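# What the coordinates show
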Amino acid sequence: MGDSTQYIMKEHYCPHCFAPYKEELCPTCGTRGNLSTPEDPIYYMEADYFLSPRIEDFLKETGIPYLKKGELGAGLTTRIGFSFEHDHYFIPLKAYKDFEEELKLFRQAVKTQE
Ligand SMILES: [Zn+2]
């Protein structure tokens, strides 16, 4: 428990990419982010009309907290160019770490079926 908290505190968080990183600057966009907090929303995946309910079922059944696009605000979605045709799922950093394996496996399973 103490270990995982320290691990999180050493990381930075990029509010543009919705991703944690260990370097000084975000490796994707070069932003100097803030130290990450357990509540920072991490981008998980997008889903169309058919896939979205399956993701929500999985997250709810596994007990993983999440945010869906729209709850973050419309301004954000236009700025990073997300499509409005899809739902976008974000997982709070703490839960993202706690359920890393489950989240990875589910995403792989979903992508394989496409
Ligand atoms: Zn970035």
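Calculation notes
- Residues numbered from 1 in each chain as written.
- Predicted model: local features only at pLDDT ≥ 70, side-chain atom pairs only at ≥ 80, totals over all residues.
- Buried ≥ 20, exposed ≤ 12 C-beta atoms within 10 Å, placed from the backbone.
- Helix = DSSP H or I, 4+ residues; strand = E, 2+ residues; numbered from the N terminus.
- Contact = placed C-beta atoms within 7 Å.
- Pairing = 2+ DSSP bridges.
- Core = buried A, V, L, I, M, F, W, Y, C linked by C-beta atoms within 7 Å.

## Side note on unusual backbone geometry
- Positive phi, close to 55°, is recorded for Phe-18, a residue that is not glycine.
- On the neighbour-count criterion, Phe-18 (20 C-beta atoms within 10 Å) is buried.

## Concerning the environment of Ile-42
- Structurally, Ile-42 is set in strand E4 (residues 41-47).
- Separated by 22 residues in the primary sequence, Ile-42 and Pro-20 have C-alpha atoms spaced 7.4 Å apart.
- Beyond its immediate sequence surroundings of up to four residues, Ile-42 is in contact with Phe-18, Ala-19, Pro-20, Phe-90, Ile-91, Leu-93 and Tyr-96.

## What to know about the pairing of strand E6 (residues 87-92)
- Burial analysis of E6 places five of its six residues in the buried class, the great majority of the element.
- Pairing of E4 with E6, which is carried by six bridges, proceeds in the antiparallel orientation. Bridged to Ile-42 within E6 is Ile-91.

## A short note on the nonpolar core
- Counting 15 residues, the largest nonpolar core has Ile-42, Tyr-44, Tyr-66, Tyr-89, Phe-90, Ile-91 and Tyr-96 as its most contacted members.
- For this core, the leading source of residues is E6, giving three residues.
- Contact partners of Tyr-96, with chain neighbours within four places excluded, come to Ile-42, Ile-91 and Leu-103.

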